[in-house]
Amino acid sequence: MNAPTAVSHLVPEFHPRPVPQALLDALAQRFGAQCSTAAAIREQHGRDESSFQVPPPAAVVFAESTQDVADAVALAAQQEVPVIPFGVGSSLEGHLLAVQGGISIDVSRMNKVLAVNAEDLTVTVQAGVTRKQLNEEIKSTGLFFPIDPGADATIGGMSATRASGTNAVRYGTMRENVLALEVVTASGETIRTGTRARKSAAGYDLTRLMVGSEGTLGIITEVTLRLYPIPEAISAAVCSFPSIEAAVRTVIQVIQLGVPIARVELIDANTVRMVNKHSKLSLREEPMLLMEFHGSPASVKEQAETVQEIAGEHGGNAFEWATTPEERTRLWTARHNAYFAAIQSRPGCRAISTDTCVPISRLADCLLDSVAEADAGGLPYFLVGHVGDGNFHFGYLLDPDDPRERQVAEELNHKLVARALALGGTCTGEHGVGLHKMGFLVDEAGAGTVDMMRTIKRALDPKNILNPGKIFSL
């Protein structure tokens, strides 16, 4: 494995580039109050949900249009100063940290839904629109956008990190649901990739190149997405199991039988306790599956009965249904708050969150060995998983000022990723590479593949100003 675990290597290397006063003056002249060098603003844009401590950017530009982004990038390019796109700051892998200094371009004010084409099941939005905002604005059309990473992330950020989440087992990830993009390049030029058509054979697929590029090849300013009809019937259920293995075996059998379940989430007993305390619930404190079924009333009933029968074969009990929107919202809100419930369970801690993904047939092998290692490691942890597609998350809760705890957490993460790769999986199912997975990317893809990525990066960003120091080093 190429990812180091020695404590001295667990903090990102900083190679800040100078930000000339001339650039700050030019930004102030062009953007006025939309540009800030205030310490509080810079610090806000120099932190995400990762455990890394990095100096903040030199300035923050609040873009309100694609032209604003293009002008900011063009000014920075003249001085070869890095630019880092910022949405809402929910990244878990250090994507938005200014490891080489530079300026942050905040797109959160670019929050307009530009066009809804209900008859074509598509929508075009500015990059700063959040997923909850989008679904609120289109609900009158009878359509919805299903990708749900938990955090109320921006659509631009979700595209840049190729996000997925709880619905991926049924609806796919951002890769399958982004049709077209508007992107500002490293020179400040604005380009468009893709169309609203559902398929194309016209040239290189630049849309897929940009989706998942983590801001290193361009800054996404507009996104055209697929939409889906709101299901006629939706039902959610929770089921407790005597062991994690029993829950995982249930999921494997459900997927292999082709049951079109929309969501299936695993929560271990540790996490159930944390969620109960945080959300004031009374869920059984045992390993649990949280499931959701979409379709016609008849198909939902059939799916649910099939899954309930399979769960019973594996010792599943206390099957509880949530059929009203209020009950479903209560359950899924508790699941989405699991990360924050865990953080609050140990005041002052930070979490190192993993997101490996393996072929569904190897899920039990990977997960059970990783649970045993986490138990032996001695750190508090939580475990949740979008296990319907083989993806799961450990969150190791550590004292950020204790090098020993960081060492233990990183060693656990290292072993987990090594196991996932050996089983034909990936080092990151949805969080992206960012800072934390750079060594693991080489292990997964190979040096030749990463060198090809570098070639693309150098061709599109010869001055290395677009979110430098992420995914791989140049």
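Cut-offs used in this document
Residues numbered from 1 in each chain as written. Predicted model: local features only at pLDDT ≥ 70, side-chain atom pairs only at ≥ 80, totals over all residues. Heavy atoms only, no water. Helix = DSSP H or I, 4+ residues; strand = E, 2+ residues; numbered from the N terminus. Buried < 20%, exposed > 50% of the residue type's maximum accessible area, 1.4 Å probe, protein only. Lys, Arg positive; Asp, Glu negative; His and termini not counted. Salt bridge = Lys/Arg side-chain N within 4 Å of Asp/Glu carboxyl O. Polar contact = N/O pair within 3.5 Å; in protein donor to acceptor, adjacent residues only side chain to side chain. Contact = heavy atoms within 4.5 Å. pLDDT = per-residue confidence, 0-100. Pairing = 2+ DSSP bridges. Axes fitted to C-alpha atoms, helices over the stretch in contact; angles between N-to-C directions. Expected span 1.5 Å × (residues − 1). Patch = residues over 30% accessible without salt bridge, like charges linked within 9 Å, V, L, I, M, F, W, Y side chains within 5 Å. Areas by Shrake-Rupley, 256 points an atom, 1.4 Å probe, with all protein chains shown as cover. Core = buried A, V, L, I, M, F, W, Y, C linked by side-chain atoms within 4.5 Å. Phe/Tyr/Trp six-rings, centres within 6.5 Å; stacked < 30°, edge-to-face > 60°. Lys NZ or Arg CZ within 6 Å of the ring centre and 35° of its normal.

### So, the side chain of Asp106
Argument step 1. Structurally, Asp106 is set in strand β4 (residues 103-106).
Argument step 2. Despite its burial, Asp106 pairs with no opposite charge; the closest candidate is Arg109, at 6.5 Å N-O.
Argument step 3. At 2.6 Å, the side chain of Asp106 and the side chain of His45 are in polar contact.
Argument step 4. Polar contacts involving the side chain of Asp106 include one to the side chain of Ser108, which spans 2.6 Å.
Argument step 5. Those residues in contact with Asp106 that lie beyond four places of it in its chain are His45, Val60, Val61, Phe62, Ala63, Phe86 and Gly87.

### Let's talk about unusual backbone geometry
Argument step 1. The backbone of Glu80 sits at a positive phi, close to 55 degrees, despite the residue not being glycine.
Argument step 2. With phi around 45 degrees, Asn467 is a residue other than glycine that occupies positive phi space.
Argument step 3. With respect to the helices, strands and loops of the structure, Asn467 is situated in the segment after α17 (447-460).

### Looking at the confidence of the model for the protein
Should the pLDDT be low somewhere, the predicted coordinates at that spot are not to be read in detail.
Argument step 1. With 97% of its residues at a pLDDT of at least 70, the protein reaches an overall mean of 93.
Argument step 2. A low-confidence stretch, residues 3-10 stays under pLDDT 50, and its non-local contacts, those more than four residues away or across chains, total 18 contacts.

### Description of the environment of Ile219
Argument step 1. Its place among the elements puts Ile219 in strand β10 (residues 219-226).
Argument step 2. With relative accessibility at 2%, the residue Ile219 sits in the buried group.
Argument step 3. The spatial distance from the C-alpha of Ile219 to the C-alpha of Gly434 is 15 Å, given a sequence separation of 215 residues.
Argument step 4. Contact partners of Ile219, with chain neighbours within four places excluded, come to Val69, Val73, Val83, Pro85, Ile105, Glu182, Val183, Val184 and Leu466.

### Quick notes on the sheet that holds strand β5 (residues 113-117)
Argument step 1. Strand order in this open sheet of five strands is β5-β6-β10-β8-β9, and the pairing throughout is antiparallel. Single-partner strands in this sheet number two, and they are β5 and β9 (190-194). Across the sheet, the mean angle from the axis of one strand to that of its neighbour is 10 degrees, orientation sign disregarded.
Argument step 2. Strand direction decides the pairing type here: strand β8 (residues 178-184) and β9, joined by five bridges, are antiparallel. Bridge pairing in β9 links Ala180 to Gly194.
Argument step 3. On top of the sheet, helix α4 (residues 131-138) reaches β5, β6 (122-126) and β10; it is set at about 50 degrees to β5, its chief contact.

### Focus on helix α15 (residues 403-422)
The periodicity of an α-helix, 3.6 residues per turn, causes residues three or four places apart in sequence to face the same way.
Argument step 1. An ideal rise of 1.5 Å per residue puts 28 Å on 20 residues; α15 measures up with 28 Å between its terminal C-alpha atoms.
Argument step 2. Within α15, 14 of the 20 residues are buried, which leaves it mostly tucked inside the rest of the structure.
Argument step 3. By the N-cap criterion, in which a side-chain oxygen at the helix start approaches the backbone nitrogen of a residue two or three places on, α15 is capped by Asp402, the distance to Arg404 being 2.9 Å.
Argument step 4. Just beyond α15, the residue with positive phi is Gly424, at close to 85 degrees.

### Quick word on a nonpolar patch on the surface
Argument step 1. A contiguous nonpolar patch, built from Met452, Ile456 and Leu460 and spanning about 260 Å² of accessible area, is present on the exposed surface.
Argument step 2. Counting through the fold element by element, Ile456 comes out in helix α17.
Argument step 3. By relative accessible area, which is 31% here, Ile456 ends up partly exposed.

### Considerations on the nonpolar core
Argument step 1. Ranked by size, the top nonpolar core spans 47 residues in total, and within it Leu289, Met291, Leu367, Phe394 and Tyr396 carry the most contacts.
Argument step 2. The biggest single contributor to this core is helix α9 (residues 244-256), with seven residues.
Argument step 3. Setting aside its immediate chain neighbours within four residues, Leu289 contacts Ala237, Val238, Cys239, Phe241, Ala247, Thr250, Val251, Val264, Glu265, Leu266 and Val387.
Argument step 4. If you look at the next biggest cluster of nonpolar residues, it comprises 27 residues, including Val73, Ile105, Val107 and Met110.

### What to know about the side chain of Gln407
Argument step 1. Positionally, Gln407 belongs in helix α15.
Argument step 2. We classify Gln407 as buried; its relative accessible area is 17%.
Argument step 3. A distance of 2.7 Å separates polar atoms of two side chains, one belonging to Gln407 and the other to Glu411.

### Topic: the pairing of β6
Each regular strand displays side chains that alternate between the two surfaces of the sheet.
Argument step 1. Taken across its five residues, β6 has five buried, putting it largely inside the fold.
Argument step 2. Burial of the side chains of β6 extends over both faces: Thr122, Thr124 and Gln126 are buried on one face and Val123 and Val125 on the other.
Argument step 3. Where β5 meets β6, four bridges bridge the pair, whose relative direction is antiparallel. Note on β6: the bridge partner recorded for Val113 is Val125.
Argument step 4. In textbook terms, the turn of a hairpin is the stretch between consecutive antiparallel strands, and for β5 and β6 this stretch comprises four residues, one of which, Leu121, has a positive phi near 60 degrees.

### Topic: the sheet that holds strand β13 (residues 263-267)
Argument step 1. Read across the sheet, seven strands follow the order β15-β12-β14-β13-β17-β18-β16 without closing on themselves; strand pairing throughout is antiparallel. The sheet terminates laterally at β15 (317-322) and β16 (350-353), the two strands that pair on one side only. Here the average twist between neighbouring strands, direction ignored, is 20 degrees.
Argument step 2. In this structure, strand β17 (residues 381-386) lies alongside strand β18 (residues 391-398), joined through six bridges in antiparallel fashion.

### Digging into helix α11 (residues 297-313)
Argument step 1. Its 17 residues place the ends of α11 25 Å apart at the C-alpha level, agreeing with the 24 Å of an ideal helix rising 1.5 Å per residue.
Argument step 2. The secondary structure elements touched by the buried residues of α11 are β12 (233-240), α9, β14 (288-295) and β15.

### Focus on the packing of aromatic side chains
Argument step 1. Under the counting rule described, the total for this entry stands at nine aromatic pairs.
Argument step 2. Ring geometry for Phe144 against Tyr171: centres 5.6 Å apart, planes inclined by 90 degrees, an arrangement best described as edge-to-face. With Phe144 in strand β7 (residues 143-144) and Tyr171 in helix α6 (residues 168-171), this residue pair connects regions lying 27 residues apart in the sequence.
Argument step 3. Overall, the relative accessible area of 14% leaves Phe144 in the buried class.
Argument step 4. A residue is classified by how much of its surface remains accessible, and Tyr171, at 10% relative accessible area, is buried.
Argument step 5. Look at Tyr171 and Tyr228: their rings are 5.1 Å apart centre to centre, the planes differ by 70 degrees, and that puts the pair in the edge-to-face class. Remark: Tyr228 occurs in strand β11 (residues 228-229) and Tyr171 occurs in helix α6; sequence separation between them is 57 residues.
Argument step 6. On the basis of relative accessibility, which here comes to 22%, the residue Tyr228 falls in the partly exposed class.
Argument step 7. Three or more aromatic residues joined by ring pairs form one cluster here, namely Tyr381, Phe392, Phe394 and Tyr396.
Argument step 8. Sitting over the face of the ring of Phe31, Arg30 holds its NZ or CZ atom 4.4 Å from the ring centroid.
Argument step 9. Directly above the aromatic system of Trp332 lies the positively charged group of Arg263, at a separation of 4.2 Å from the ring centroid.

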